[in-house]
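Architecture at a glance
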Amino acid sequence: MREYLHTIPMPHNPFIIALDSNDPATVKSWVNSFAHEAGLVKLGLEFFTMHGIAGVQKLELPCGLFLDLKFHDIPNTVKGAIRSAMATGCEMLTIHASGGHSMCKAAAETAMEEADKRNTKAPLVLAVTLLTSLSQQEATQIGYGNIETQVLKLAELAIGAGIKGLVCSPLEIAPIRARFGHDVKLVVPGIRAQSGGDDQTRTLSAAEAVKAGADYLVVGRPVTQAQNPLEALKTLRHALS
Ligand code: C5P
C-alpha cells in the first residue's frame with residue numbers, strides 16, 4: 001500500500017527551520033551548519049521567488065523540505081502550482097484555507113494524483129488558517145470576527161475538503177485539538193521565548209506549543225539570526241527533552 005506523509009507519526013525532532021533569505025550562499029551555510037539538527041527545513045517566498053525550482057534543487061538538501069508558498073488561487077491554478085512544486089520533492093507544502101472548499105479539495109487530490117504519477121510519497125498539504133502575525137485588531141480590519149472562531153471555521157472547511165494538516169498559531173492548538181482530535185497534523189509557527197519584538201503576534205514558547213499539542217514547530221529568526229544558529233537550535237531542542 002502506498003505511504004502518505006500525513007500518516008507518519010510525530011517525529012523525534014519536531015523542529016522545522018525557516019530558511020528565509022534570498023541568498024543561496026546564506027541558505028547553504030545554514031543548511032550546512034544545522035540541517036542534521038532540524039527535522040525539516042523550510043523554504044518560502046523569499047528564496048523561491050528569486051531562485052525557483054532550479055534554485056531549490058541546486059541546494060541539494062541533505063534533509064526533508066517544507067516548501068511554504070501558501071498558494072491561494074482558483075482550484076485549477078492551485079492544481080498546476082502543486083504539480084510544479086512537487087518537482088522539488090518537498091515533504092510538505094502550503095495553501096491558504098481561505099481559498100475555499102473546492103481549492104482545498106483540489107490541492108489534496110492533486111498531491112495524491114501527482115505522487116502516484118511520480119511514484120513518490122505524497123507531500124502533506126497544509127492549510128494555513130490565519131497568519132501568526134495577525135493580531136485581533138488586524139483580523140477585524142480584514143473583516144474577520146474572533147480569531148479563534150475564524151481559525152476553527154477555516155480548520156473545519158479544510159478538513160472537510162480532505163486536508164490532513166493545518167498551520168495555526170500556538171494559541172489555537174488547544175481549541176483545534178479539542179474540536180478535531182489528533183488525526184490532523186498541526187504545524188505551528190509563532191514560536192518565541194517571549195512575545196513582542198517582531199511581526200509575530202500570536203506566540204508561545206516551543207515547550208508550551210508542544211504541550212498544547214503541536215506536531216511540528218516552525219522556527220526562523222530565533223535560530224537563523226542568532227549569533228550561533230546551531231547552538232540556538234540545540235538549545236531549543238534541549239528545552240523539549
Ligand atoms: O522567523 P520566524 O520564526 O517568525 O519564521 C516563521 C516562518 O513561518 C516564516 O517563514 C513565515 O513565513 C512562516 N509562517 C508564519 N505564519 C504562518 C505560516 C507560515 O510565520 N501562519
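These notes cover the structure that comes with them. (Residues numbered from 1 in each chain as written. Predicted model: local features only at pLDDT ≥ 70, side-chain atom pairs only at ≥ 80, totals over all residues. Heavy atoms only, no water.)

1. Points about the overall build of the protein
Assigned secondary structure in the protein consists of 10 helices and 8 strands. For 241 residues, the compact-globule formula gives about 18 Å, and the C-alpha radius of gyration of the protein, at 17 Å, lands near that figure. By principal-axis analysis of the C-alpha atoms, the protein measures approximately 45 × 40 × 35 Å. Taking all 241 residues of the protein together, the buried fraction comes to 49%. (Helix = DSSP H or I, 4+ residues; strand = E, 2+ residues; numbered from the N terminus. Rg over C-alpha atoms; globule rule 2.2 N^0.38 Å. Buried < 20%, exposed > 50% of the residue type's maximum accessible area, 1.4 Å probe, protein only.)

2. Digging into the packing of aromatic side chains
A full pass over the atoms with the stated rule returns 0 aromatic pairs. The ring centre of Phe66 lies 5.9 Å from the NZ or CZ of Lys42, which sits over that ring. (Phe/Tyr/Trp six-rings, centres within 6.5 Å; stacked < 30°, edge-to-face > 60°. Lys NZ or Arg CZ within 6 Å of the ring centre and 35° of its normal.)

3. Considerations on the pairing of strand β2 (residues 40-44)
Judged by how many residues are buried, β2 sits mostly within the fold: 5 of 5 residues are covered. Going residue by residue along β2, you find Leu40, Lys42 and Gly44 tucked away on one face and Val41 and Leu43 tucked away on the opposite face as well. By the bridge criterion, 3 bridges tie strand β1 (residues 15-18) to β2 in an arrangement that is parallel. Within β2, the residue paired with Ala18 across the bridge is Lys42. In the sheet, β2 pairs with strand β3 (residues 64-71) via 5 bridges, with the strands oriented parallel. (Pairing = 2+ DSSP bridges.)

4. Regarding the site of the ligand
Around the ligand sit 17 residues in total, of which Asp20, Lys42, Thr132, Arg192 and Arg221 are the nearest. One of the side-chain N or O atoms of Lys42 is found 2.7 Å from an oxygen atom in the ligand. Between an oxygen atom of the ligand and a main-chain N or O atom of Gly220, the distance comes to 2.8 Å. Coverage of the ligand by the protein amounts to 88% of the 470 Å² it exposes when considered alone. Every element with two or more residues in the shell around the ligand is listed here: β3, β8 (216-219) and α9 (221-224). Residues that form the shell around the ligand fall into these classes: 8 nonpolar, 3 polar and 6 charged. (Near = heavy atom within 4 Å. Polar contact = N/O pair within 3.5 Å; in protein donor to acceptor, adjacent residues only side chain to side chain. Areas by Shrake-Rupley, 256 points an atom, 1.4 Å probe, with all protein chains shown as cover. Nonpolar A, V, L, I, M, F, W, Y, C, P; charged D, E, K, R; others polar.)

5. Section: the packing of helix α6 (residues 147-160) against helix α7 (residues 173-180)
It is at 10 Å that the axes of α6 and α7 come closest, and there the two elements cross at 45 degrees. Looking at the two axes, α6 sits oblique to α7. As α6 runs across α7, the sense of the crossing is right-handed. In contact with Glu148, Val151, Leu152, Ala155, Glu156 and Ile159 of α6, α7 contributes Pro175, Ile176, Arg179 and Phe180. Taken together, the residues that form the contact of α6 with α7 break down as 7 nonpolar, no polar and 3 charged. (Axes fitted to C-alpha atoms, helices over the stretch in contact; angles between N-to-C directions. Parallel < 35°, antiparallel > 145°, perpendicular 65-115°, else oblique. Left-handed = near helix turned anticlockwise from the far one by under 90°. Contact = heavy atoms within 4.5 Å.)

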